[in-house]
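# Remarks on the overall topology
This is what each chain is made of:
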Amino acid sequence: EKESTGFSKSVRLLTEKLDDDDMSIVSLQHSLFCSSLFDCIRTEIARESKVSEHDTILSASKLSTKTAISWLPNNMEESFLPPPTMMAANGSFCVIHSQEGEIKVRLNSEYSLIFKLIEIGAAMEFCAKESEGKNVDSGSCNASLLESLGRMLLLHSQLEYHDFSTRVQTEKTSSNVLESCVKLAGKVLLETSVRKSLTKIKNLDLFRNKVKIEWLALSAFETCAHFTVFVDTGVSFDGIIE
């Protein structure tokens, strides 16, 4: 969501179309999974909030090194924020609100990420109305990229939750689904911005046909990106986004 223009792009978990007899069972399983995933994310925020309160109490006698979550006003205008990867470090998030069926966190100074737990019918209706809405400014990223990012984060959250559910059966561990999603989204948004900037520099008359940029082929779900810039003078430098 880009609050300053009212732009939003939503995606939802899809269920496989089956016969009526099997569909009721699949729908129930789908609802239970969505509810468990959402509760896992809410628990993650509640856990970090308790750590934040504990750190505040200790700060009078000893400075805490753990970065706590930050709660932001709902109507906050776009302003400077730390890099998304830094906001997510050590379990910290810029949380706008955490309600019964909705969680909203800040990704960067331009975009926010919202998790909603609603009925399937309501989700389909919401997405349909959103697609029929007026074309509004999507900001520095186009609408198709933001939709792809939403689907990527939706899949990534499922994979992270599955991994957590598997580990929790054999060891005492805590979930980091939201933290992982914030890191991944921050990396994608920052990488998009860097790619655009490097392309502009490469196309300048001063550097035309003199600069070559190569990106290391990595999985889209990697939370880091590597690139190398070559200049015809024999100079090169490596860049890492993480």
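Here's what I pulled together on the structure shown here. Along each chain, residues carry numbers from 1 onward, in the same order as the chain's sequence is written. Predicted model: local features are reported for residues with pLDDT of at least 70 only, side-chain atom pairs are reported and counted for 80 or more only, and whole-chain, interface and lining totals are derived from all residues. Think of the side-chain values as coming from all heavy atoms in the structure, minus any hydrogens and water.

### Looking at the sheet that holds strand 6 (residues 225–231)
Short version of the rule: Here, a strand pair is defined by DSSP locating no fewer than two bridges between the strands. Here a helix means four or more residues in a row that DSSP labels H or I, a strand means two or more in a row labelled E, and each is numbered from the N terminus. Convention adopted: a line fitted to C-alpha atoms gives each axis, helices being fitted over their contacting stretch, and angles between N-to-C directions are expressed from 0 to 180 degrees. Only heavy atoms enter the contact rule, under which two residues are in contact if any of them lie within 4.5 Å.
Taken in spatial order, the 3 strands make up an open sheet running 5-6-7, and their pairing is antiparallel. Strands at the two margins of the open sheet, each flanked by one partner only, are strand 5 (211–215) and strand 7 (236–241). Recorded for the sheet is a direction-independent mean angle of 20° between the axes of neighbouring strands. In terms of strand pairing, strand 5 meets strand 6 through 5 bridges, oriented antiparallel. Residue pairing across strands places Trp 215 opposite Phe 227, the latter belonging to strand 6. Running at roughly 160° to strand 5, helix 5 (residues 177–202) makes contact with strand 5, strand 6 and strand 7 of the sheet.

### Here we look at a nonpolar patch on the surface
Our working definition: Like-charged residues within 9 Å of one another, or nonpolar side chains (Val, Leu, Ile, Met, Phe, Trp, Tyr) within 5 Å, are grouped into patches, provided each residue has over 30% relative accessible area and no salt bridge. Only the protein chains shown count as covering a residue, and every accessible area follows the Shrake-Rupley method with a 1.4 Å probe. We define a salt bridge as a contact between a side-chain nitrogen of Lys or Arg and a carboxyl oxygen of Asp or Glu at a distance within 4 Å. Per-residue accessibility, obtained with a 1.4 Å probe over protein chains only, is compared with the maximum for each type, and a residue is labelled buried under 20%, exposed over 50%, and partly exposed between these values.
A grouping of Leu 155, Leu 159 and Phe 221 is seen on the molecular surface, where their side chains present a nonpolar patch of about 250 Å² in accessible area. You can see Leu 159 is positioned in helix 4 (residues 143–167). Since its relative accessible area comes to 47%, Leu 159 is described here as partly exposed.

### Things to note about the packing of aromatic side chains
Convention followed: Classification of ring pairs uses Phe, Tyr and Trp, with its six-membered ring standing for Trp, and accepts pairs whose centres are within 6.5 Å; under 30 degrees between planes counts as stacked, over 60 as edge-to-face, and the remaining range as tilted. Two conditions define a charge located above a ring, namely a distance within 6 Å from the ring centre to NZ of Lys or CZ of Arg, and an angle within 35 degrees of the ring normal.
By the definition in use, this model includes 3 aromatic pairs. Consider the rings of Phe 33 and Tyr 161, whose centres lie 5.7 Å apart with planes at 75°: the pair is edge-to-face. Pair noted here: Phe 33 is in helix 1 (residues 20–58) and Tyr 161 is in helix 4, with a separation of 128 residues, a long-range link. Since its relative accessible area comes to 28%, Phe 33 is described here as partly exposed. Overall, the relative accessible area of 15% leaves Tyr 161 in the buried class. Centre to centre, the rings of Trp 215 and Phe 227 are 4.8 Å apart; their planes meet at 40°, and the pair counts as tilted. Of the two residues, Trp 215 is situated in strand 5 and Phe 227 in strand 6; the sequence distance between them amounts to 12 residues. What makes Trp 215 partly exposed here is its relative accessible area of 22%. One aromatic cluster in this structure is built from Phe 33, Tyr 161 and Phe 164. Geometry around Trp 215 places Arg 195 over its ring, the cationic atom sitting 3.9 Å from the centre.

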